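Residue-level listing of the chains:
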Amino acid sequence: MMNDDIVKLGKANYMNNYAQFPIAIKSGKGVVVTDEDGKGYLDFVAGIAVNALGYGDEDEKKAILDVLSSGILHTSNLYYNAHAVHAAEMLNKAAGSDAVFFCNSGAEANEAALKMARKYGSQKGKTEIISFLHSFHGRTYGAVTVTGQEKYHKGFAPMLPDVVYGDYNNLESVKALISDRTAAIIVEPLQGEGGIIPADEDFIVGLRALCDEYDALLIFDEVQCGMGRTGKPFCFMHYGIKPDIMTLAKALGGGLPMGAAVAFGKAKDIFSPGDHAATFGGNVASAALAEVVLSKLDKLSENADKKGKYLGKKLDELVKKYPELCVEARGMGLMRGIELKTAPRDVIAKCMEKGLLVCSAGYTVLRFVPPLVVTEDDIDKAVSIIDEALSELC
Ligand SMILES: *Cc1c(COP(=O)(O)O)cnc(C)c1O
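Values in this document were obtained by computation on a predicted structure and should not be read as measured data. (Residues numbered from 1 in each chain as written. Predicted model: local features only at pLDDT ≥ 70, side-chain atom pairs only at ≥ 80, totals over all residues. Heavy atoms only, no water.)

Observations concerning the overall build of the protein
Part 1 of the reasoning: Helix and strand content of the protein: 13 helices and 17 strands.
Part 2 of the reasoning: Over its C-alpha atoms the protein spans a radius of gyration of 21 Å, differing by no more than 12% from the 21 Å that the globule rule assigns to 394 residues.
Part 3 of the reasoning: Judged by the C-alpha coordinates and their principal axes, the protein covers about 60 × 55 × 45 Å.
Part 4 of the reasoning: For the protein, buried positions account for 54% of its 394 residues.
Part 5 of the reasoning: Restricting the contact set of the protein to residue pairs at least 6 apart, pairs at least 24 apart contribute 71%.
Part 6 of the reasoning: For the protein, the exposed area adds up to about 17500 Å²; of that, 55% sits on carbon and sulfur atoms.
Part 7 of the reasoning: For the protein, the distance from the average position of its 42 positive side-chain charges to the average position of its 52 negative side-chain charges is 1 Å. (Helix = DSSP H or I, 4+ residues; strand = E, 2+ residues; numbered from the N terminus. Rg over C-alpha atoms; globule rule 2.2 N^0.38 Å. Buried < 20%, exposed > 50% of the residue type's maximum accessible area, 1.4 Å probe, protein only. Contact = heavy atoms within 4.5 Å. Areas by Shrake-Rupley, 256 points an atom, 1.4 Å probe, with all protein chains shown as cover. Lys, Arg positive; Asp, Glu negative; His and termini not counted. Charge placed at Lys NZ, Arg CZ, Asp CG, Glu CD.)

Structure representation (C-alpha cells):
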C-alpha cells in the first residue's frame, strides 16, 4: 500500500481526534525514517521525543529478540520479572531516587503522582494541587485537569476539584496560592507542549523551598524533558535540588509504551498494597527496552548536551536571519524551539516537502526533539532545510 491508501484507510476507520500529516512511516535507520512511498525524512520529531536511540539500534534489537525467544511478553504484577526489577534499579541509581512505579504512558504516570499527592495530603487535610499555566500533563481526567491550558478542558467539564494554576516562572503567583491545604505542586522543569519554555533557576529552587515550608510534595513532570534530553540524565539535575516525585514516559521504553512515577525520600512509602496498579506496568518487553535506554543514559545525555548547544547556536542564527518570521529560539539540550510570529504549520509542511520532520508546540512554536544520537552533520542538514523553508515563506 502507498501512503495515500493508508491515509484513506485511517480516515475511514479512526476516530476524528488527530490532525495527522498524510504520510505513513514504514521503516527507519539512524535519524532517518522512510515512508510507504519510499521517501526518506530526517527526523527531528522522534515520535515526539520518544525515539532517543534513533532507529535500528542493535542493542534494542537484541533485547527485544531475547524477550521474544523467552516466550514471555507479560507477567502481570502478581509476579516479578527480572527486566522490570533491573530497570527500576537502574532508574533509581541514575536519578538518586528510592522507589519506582511502572505504568504505560505519561498521563498514567501523572495520575499516579496525583493520587500519591492526594493520599499524602489526606491525613493532613490537604487536597489542593498547584499547577501552571501553559503546562501539559496528559489527557486523562487528572492529568488534563492539571494541564493549565483552556483548550484542553473545553467541552470536558467538570474537571478534578481543588486544582489551581500559577504563572510559570513567577514565584510570587505561587506564594499567593500556596497554603496549609496544598498537597502538591506539579511542574514541568522545562515546559514542552506549552511552547518549549525553560524554567528560571530561582523559580525551581523557590518551588522546592515553598514545598518544604508548607509540607507539600514537589512533582516534576519529566515525561518529555527527562531521560537525557536536556543534556543531563534528568532535567532536575540542572537545578541542584530534587523533587519528591518525578514522572517519566516518552523515551523511557525505547519506543515501547512505558511510564514511571519515581519517588524520592518520604514519597516512597505513600502507597500501600492495593492503593494503585497497572496491569501492563513493568511489561517485560517495555522493561527490556528501558534497560537498554537506561544503560546508555549517560552517553545520550552527553550527546544531547553537546549537540544541543550546537543546535541552539544554529537556531539563534536563523532567528537573526529571519526577524520578520521569528521571535526567539529557546530550550535546553535537544529540546528546542523557535517561536514564530505565525502558526508553524506552513514551515512544517515546507520542511516535510524537503525531507525534514519537525513539529509544533503551543500555537506558534516550531519544535525540535531529534533522537539523542543526532550528529552535527544531521543538524547542519536540518538547519539548511529550515533555512530554505523560512526564506521561501518570507
Ligand atoms: C507527552 C507528555 C505527557 C503525556 O504523555 P502521554 O504518554 O501522551 O500520556 C505528559 N507530560 C508531558 C510533559 C508530556 O510532554
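Describing the UniProt feature "binding site: N(2)-acetyl-L-ornithine" (unreviewed entry) in the protein
Part 1 of the reasoning: What UniProt calls "binding site: N(2)-acetyl-L-ornithine" (unreviewed entry) maps, in this numbering, to Arg139.
Part 2 of the reasoning: Inspection of the secondary structure assignment puts Arg139 in the loop between β5 (128–132) and α6 (141–146).
Part 3 of the reasoning: Not counting residues up to four positions away in its chain, the partners in contact with Arg139 are Ala107, Val144 and Tyr152. (UniProt positions renumbered as here; feature names shortened; annotations may be inferred.)

Side note on the sheet that holds strand β1 (residues 25–29)
Part 1 of the reasoning: Strand order across the open sheet formed by 4 strands is β1-β2-β3-β15, with mixed pairing between neighbours. In this open sheet, the two edge strands, each paired with only one partner strand, are β1 and β15 (356–357).
Part 2 of the reasoning: Note that strand β3 (residues 40–43) and β15 share 2 bridges and pair parallel. Bridging from a neighbouring strand, Leu42 pairs with Leu356 of β15. (Pairing = 2+ DSSP bridges.)

Quick look at helix α3 (residues 58–70)
Part 1 of the reasoning: The end-to-end C-alpha separation of α3 is 19 Å, in line with the 18 Å expected for 13 residues at 1.5 Å each.
Part 2 of the reasoning: Of the residues making up α3, those classed as buried are Glu60, Ala63 and Val67. For α3, the arc enclosing every buried residue in end-on projection is 65°, short of the 170-degree limit, so these residues lie on one face. In α3, those exposed residues whose orientation departs by more than 90 degrees from the buried face are Glu58, Lys62, Leu68 and Ser69.
Part 3 of the reasoning: Next to the buried residues of α3 lie α4 (82–95) and α10 (284–295).
Part 4 of the reasoning: The N-cap of α3, judged by a side-chain oxygen 3.0 Å from the amide nitrogen of Asp59 a few residues on, is Asp57.
Part 5 of the reasoning: Two residues or fewer past α3, Gly71 is found with a positive phi of approximately 85°. (Expected span 1.5 Å × (residues − 1). Arc of directions from axis to C-beta. Polar contact = N/O pair within 3.5 Å; in protein donor to acceptor, adjacent residues only side chain to side chain.)

Overview of the site of the ligand
Part 1 of the reasoning: The local shell around the ligand consists of Ser105, Gly106, Ala107, Asn110, Phe136, His137, Gly138, Glu188, Asp221, Val223, Gln224 and Lys250.
Part 2 of the reasoning: In this structure, a nitrogen atom belonging to the ligand sits 2.8 Å away from a side-chain N or O atom of Asp221.
Part 3 of the reasoning: Contact distances for the ligand include 2.8 Å between an oxygen atom and a side-chain N or O atom of Gln224.
Part 4 of the reasoning: Contact with the protein chains covers 80% of the free accessible surface of the ligand, which is 380 Å².
Part 5 of the reasoning: For the shell around the ligand, the leading source of residues is helix α5 (residues 106–122), giving 3 residues.
Part 6 of the reasoning: Residues belonging to the shell around the ligand are distributed by class as follows: 3 nonpolar, 6 polar and 3 charged. (Near = heavy atom within 4 Å. Nonpolar A, V, L, I, M, F, W, Y, C, P; charged D, E, K, R; others polar.)

Here's the deal with the environment of Lys26
Part 1 of the reasoning: Summarising the element assignment, Lys26 is placed in strand β1.
Part 2 of the reasoning: Lys26 sits in the exposed class, given a relative accessible area of 59%.
Part 3 of the reasoning: Separated by 99 residues in the primary sequence, Lys26 and Gly125 have C-alpha atoms spaced 52 Å apart.
Part 4 of the reasoning: Residue contacts for Lys26: discarding those within four places in its chain leaves Thr34, Asp35 and Glu36.

Observations regarding the side chain of Lys126
Part 1 of the reasoning: With respect to the element layout, Lys126 can be found in the loop between α5 and β5.
Part 2 of the reasoning: Despite being buried, Lys126 has no salt bridge partner; Asp215 is the closest side chain of opposite charge, sitting 4.9 Å away.
Part 3 of the reasoning: Within the structure, the side chain of Lys126 is placed 3.3 Å from the backbone oxygen of Asp180, a separation counted as a polar contact.
Part 4 of the reasoning: A distance of 3.3 Å separates a polar side-chain atom of Lys126 from the backbone oxygen of Asp215. (Salt bridge = Lys/Arg side-chain N within 4 Å of Asp/Glu carboxyl O.)

Describing the environment of Ser27
Part 1 of the reasoning: Within the secondary structure, Ser27 sits in strand β1.
Part 2 of the reasoning: Once the C-alpha coordinates of Ser27 and Lys314 are considered, the two residues, 287 residues apart in sequence, prove to be 29 Å apart.
Part 3 of the reasoning: Apart from the residues lying within four places of it in its own chain, the contact partners of Ser27 are Val32, Val33 and Thr34.

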